[in-house]
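Chain by chain, the residues:
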Amino acid sequence: AQRVTQPEKLLSVFKGAPVELKCNYSYSGSPELFWYVQYSRQRLQLLLRHISRESIKGFTADLNKGETSFHLKKPFAQEEDSAMYYCALSGHDYKLSFGAGTTVTVRA
Amino acid sequence: GAGVSQSPRYKVAKRGQDVALRCDPISGHVSLFWYQQALGQGPEFLTYFQNEAQLDKSGLPSDRFFAERPEGSVSTLKIQRTQQEDSAVYLCASSSSGASEYYNEQFFGPGTRLTVL
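The sections below set out a description of the structure shown in this document. (Residues numbered from 1 in each chain as written. Chains lettered and ligands numbered in written order. Predicted model: local features only at pLDDT ≥ 70, side-chain atom pairs only at ≥ 80, totals over all residues. Heavy atoms only, no water.)

### Overview of the packing of aromatic side chains
Where we set the bar: Any Phe, Tyr or Trp ring, taking Trp's six-membered ring, that has another such ring centre within 6.5 Å forms a pair; planes under 30 degrees apart are called stacked, those over 60 apart edge-to-face, and the others tilted. Counting from the N terminus, the helices are the DSSP runs of H or I reaching at least four residues and the strands are the DSSP runs of E reaching at least two. The buried label goes to any residue with under 20% of its type's maximum accessible area, the exposed label to any with over 50%, and the partly exposed label to all in between, with areas taken from a 1.4 Å probe on protein chains only.
Taken as a whole and assessed by the stated rule, the structure comprises twelve aromatic pairs over all chains. Between phenylalanine 98 of chain A and phenylalanine 108 of chain B the ring centres are 6.1 Å apart and the planes differ by 75°, which places this aromatic pair in the edge-to-face class. With phenylalanine 98 of chain A in strand 10 (residues 97–98) and phenylalanine 108 of chain B in strand 10 (residues 107–108), this residue pair bridges two chains. Like phenylalanine 108 of chain B, phenylalanine 98 of chain A is buried. On the numbers, 5.6 Å between centres and 40° between planes, the contact of tyrosine 35 of chain B with phenylalanine 108 of chain B is tilted.

This is the structure we're talking about:
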């Protein structure tokens, strides 16, 4: 069985402060990990995927297979980063398994 | 081009009514997915189509749920005899690749919010 856990429902940070969203997964194999984001009144969209190893909008995420984690980080949060963030896993099939999501609020 | 569209955006049904939710995927996309998102939760997989073939319906919660994609483009998710626990946002996503291919990005629609009274 595959499962994604996001322990924080809500995260509030000040503008310019670092932000880290935690994600842990369970999967018996080598999964693909993703972060999806949903801005207010917009649809769910892909933010980044571990295999591309790129930084999107200043966010990075490193897959730690030993700790089965895929935490999302940004060194300096911006107000436009306020959104709902979902960690998701694909076991190299077509399905995505999502965590429950973390609501991030960046305060001025 | 246009993204994935869904209709209606909002649906209110009385318990016991049948509902039909429509998804128009991105033109040419082979794969189509339905997810159910309950309040405060992440999306959960319901079913998957590759062209017109329904390859996986393991996530459908009961036999009251039925999905089809007869011509390999538009898909309809039908819920019969709706119950209060069916209240959720139903998301549709499409992808350009098939199940046997390397994972390709799923593009999501805006969702249909179903409320069963």
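### Quick word on the interface of chain B and chain A
The parts lose accessible area when they come together, and the size of an interface is often stated as this lost area. Definition in use: By definition, residues are in contact when any of their heavy atoms lie within 4.5 Å. Here's the idea: put two parts together, see how much 1.4 Å probe accessible area each one loses, and the total over both is what we call buried area. For this analysis, a salt bridge means a side-chain nitrogen from Lys or Arg found within 4 Å of a carboxyl oxygen belonging to Asp or Glu. Polar contact is defined as a pair of N or O atoms within 3.5 Å, subject to the rule that within protein one atom must be able to donate a hydrogen and the other to accept it, and that residues adjacent in sequence are counted only when both atoms are side-chain atoms. Charged means Asp, Glu, Lys or Arg here, nonpolar means Ala, Val, Leu, Ile, Met, Phe, Trp, Tyr, Cys or Pro, and polar covers whatever is left, Gly included.
Across the contact, 21 residues belong to chain B and 18 residues belong to chain A. Buried area between chain B and chain A, summed over both chains or domains, comes out near 1700 Å², and the portion from carbon and sulfur atoms is 53%. Its salt-bridge partner being lysine 95 of chain A, residue aspartate 56 of chain B comes within 3.1 Å of it at the nearest N-O pair. At the junction of chain B and chain A, the tally comes to seven residue pairs in polar contact (both at pLDDT 80 or more). Contributions of two or more residues to the side of chain B that touches chain A are made by strand 4 (31–37) and strand 5 (44–50) of chain B. Here the side of chain B that touches chain A takes three residues from strand 4 of chain B, the largest share from any one element. A per-class count over the side of chain B that touches chain A returns eleven nonpolar, eight polar and two charged.

### Thoughts on the pairing of strand 9 (residues 83–90) of chain A
Residues and elements named next belong to chain A. Definition in use: Two strands are counted as paired when DSSP detects at least two bridges linking them.
Of all eight residues making up strand 9, seven are buried, and the element is well covered by its neighbours. For strand 5 (residues 32–38) and strand 9, the ladder comprises seven bridges, and the chain directions are antiparallel. Bridge assignment links valine 37 to a residue of strand 9, and that residue is tyrosine 85. Pairing between strand 9 and strand 11 (residues 102–107): three bridges, direction antiparallel. Note on strand 11: the bridge partner recorded for alanine 83 is valine 104.

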